[in-house]
Amino acid sequence: MDLDELDRQLAHALQIDGRAPFSRIAAVLGTTDRTLARRYERLRSNGVLRVVGLPHAAALGHVDWLVRMRCAPDAAMPVASALAQRADTSWVLILSGGTEINCITRTRRQQDEGELLLQKLPRTSGVAAVSAHCMLRSVAGTSGWPGRTAALDAAQVAALTPPAATGGDPVRATTADNQLLAELAKDGRASFPALAAATGWSESTVRRRLEALQHGGVLYFDVDVEPATLGFTAEAALWLTVDASALNAVGRALAEHPQIAYAAAVTGPSNIAAAVVCRDLDGLYDYLADGIGALPGVHRTETAPVVRRLKGAGTLLVP
């Protein structure tokens, strides 16, 4: 299922403001809110595109870990499927001909990483090796992959960009917010009545709390979209070994590369991990040769094609 121009504009608009009313988006795009609502529901029900509301790890006092696993060929899919079902995982990918799994897992504090990564996974049948890499800082892709943010012009972007939050008291998430955050991870555009029913709060309370969490830097909204529907058929995981003195410069350069969906500085022998999305394999080759190859300070590159994505940013939706 490929996205047409209006679908692409809708995806870009939702990346700017995930909970913008369809009426406001429609006014900017020159269509009707009914048309956009039908489009979004069709895309979401087909698993092509959805908005998810996600908490920032640092705001919760949590730590994100990039986990790499090497598996026997017949074990990769069952292990990846089990990981995708967990609430503490995201971006569960099968790589390299079906023998490697990548995922991100979140822990409450640094000491907790052994509970899942170093104790359970190595004992799992078919898992030959596990490595865990603390994600230190996001360096690219924090405002959306350019492949889904290139459909609107500057005036449309400005019209849809919400006003910047004004200063106020610091906001902290509490256990009372757990159900709200869990519902938004399933559907970032869930209605206020639906969120009120899930949390047991009034609609006005839900509205105020959601705005407080968002403006306080605890909560953000992202768009889960299948790159192939936008014409990008080559995805890969990329690990770079970069001189420490060049880390900032390489991070800034990657943030300008349209092929980079996301990149972060991580611990381990390769100190930058990235997700790359290209039109095709020729495009991936050209990017590695001319884009990555031209970066000073990068002295080792490892690439693994994405065979299958079992889970993206939000909660896995089981039919």
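Residues numbered from 1 in each chain as written. Predicted model: local features only at pLDDT ≥ 70, side-chain atom pairs only at ≥ 80, totals over all residues. Heavy atoms only, no water.

Going by an unreviewed UniProt entry, the chain carries the name Transcriptional regulator and comes from Cryptosporangium arvum DSM 44712.

## Observations regarding the overall build of the chain
The helix and strand inventory of the chain stands at eleven helices and ten strands. Compactness check: the chain gives a C-alpha radius of gyration of 20 Å against a globular reference of 20 Å for 319 residues, within 12% of the reference. When the backbone C-alpha atoms are referred to their principal axes, the chain occupies close to 50 × 40 × 40 Å. Looking at the chain as a whole, 46% of its 319 residues are labelled buried. Look at the contacts in the chain between residues 6 or more apart in sequence, and 78% of them connect residues 24 or more apart. In the structure as shown, the chain presents an accessible area of about 15600 Å², 51% of it carried by carbon and sulfur atoms. Positive and negative charge centroids in the chain, built from 31 and 32 side chains respectively, lie 6 Å apart. (Helix = DSSP H or I, 4+ residues; strand = E, 2+ residues; numbered from the N terminus. Rg over C-alpha atoms; globule rule 2.2 N^0.38 Å. Buried < 20%, exposed > 50% of the residue type's maximum accessible area, 1.4 Å probe, protein only. Contact = heavy atoms within 4.5 Å. Areas by Shrake-Rupley, 256 points an atom, 1.4 Å probe, with all protein chains shown as cover. Lys, Arg positive; Asp, Glu negative; His and termini not counted. Charge placed at Lys NZ, Arg CZ, Asp CG, Glu CD.)

## A look at the UniProt feature "domain: HTH asnC-type" (unreviewed entry) in the chain
Following the UniProt record, the feature "domain: HTH asnC-type" (unreviewed entry) maps to residues 3-63 and 179-233 here. For residues 3-63, the helix share is 54%, the strand share is 13%, and the end-to-end C-alpha distance is 35 Å. The straight-line gap between the two end C-alpha atoms of residues 179-233 is 36 Å; of that span, 53% is helix and 13% is strand. (UniProt positions renumbered as here; feature names shortened; annotations may be inferred.)

## Digging into the layout of surface pockets
Looking at the second largest pocket, its volume works out to about 580 Å³. Lining the second largest pocket are 25 residues, with Gly 47, Asp 224, Glu 226, Arg 309 and Gly 312 positioned closest to its centre. Among the elements that make up the lining of the second largest pocket, the one with the highest residue count is strand E10 (residues 298-311) (six residues). Residues that form the lining of the second largest pocket fall into these classes: eleven nonpolar, six polar and eight charged. (1 Å grid on protein atoms, 1.4 Å probe; cavity = no way out; pocket = protein on both sides within 12 Å on 5 of 7 lines; lining within 4 Å. Points joined across faces, edges and corners; volume = space filled by probe spheres on them. Nonpolar A, V, L, I, M, F, W, Y, C, P; charged D, E, K, R; others polar.)

## So, the nonpolar core
Core analysis: the largest hydrophobic core is formed by 39 residues, its most contacted members being Leu 14, Ile 25, Leu 36 and Leu 49. Residue assignment for this core shows that the elements contributing at least two residues are helix H1 (5-16), helix H2 (22-29), helix H3 (33-45), strand E1 (49-55), helix H7 (178-186), helix H8 (192-199), helix H9 (203-215) and strand E6 (219-225). With five residues, H1 is the single largest residue contributor to this core. Apart from residues lying up to four places away in sequence, Ile 25 is in contact with Leu 10, Ala 13, Leu 14, Ala 20, Leu 36 and Leu 160. (Core = buried A, V, L, I, M, F, W, Y, C linked by side-chain atoms within 4.5 Å.)

## Topic: the packing of H1 against H3
One way to put it is that H1 packs onto H3 with a least axis distance of 11 Å and a crossing angle of 85°. In this view, H1 runs roughly perpendicular relative to H3, as classed from their interaxial angle. The residues of H3 that touch H1, namely those facing Leu 6, Asp 7, Leu 10 and Leu 14, are Thr 35, Leu 36, Arg 39, Tyr 40, Arg 42 and Leu 43. For the contact of H1 with H3, a count of residues per class yields six nonpolar, one polar and three charged. (Axes fitted to C-alpha atoms, helices over the stretch in contact; angles between N-to-C directions. Parallel < 35°, antiparallel > 145°, perpendicular 65-115°, else oblique.)

## Quick word on a negative patch on the surface
A cluster of like negative charges, contributed by Asp 280, Asp 282, Asp 286 and Asp 290, occupies part of the molecular surface. Tracing the backbone through its elements, the reader meets Asp 286 in helix H11 (residues 281-292). (Patch = residues over 30% accessible without salt bridge, like charges linked within 9 Å, V, L, I, M, F, W, Y side chains within 5 Å. Salt bridge = Lys/Arg side-chain N within 4 Å of Asp/Glu carboxyl O.)

## A look at unusual backbone geometry
Most peptide bonds take the trans configuration, and most residues that are not glycine carry a negative phi. One non-glycine residue, Trp 91, lies in positive phi territory at about 50°. Considering the arrangement of structural elements, one finds Trp 91 in strand E3 (residues 89-95). By relative accessible area, Trp 91 is classed as partly exposed at 32%. The phi torsion at Ser 96 lies on the positive side, around 50°, for a residue other than glycine. With respect to the helices and strands, Ser 96 occurs in the loop between E3 and strand E4 (100-107).

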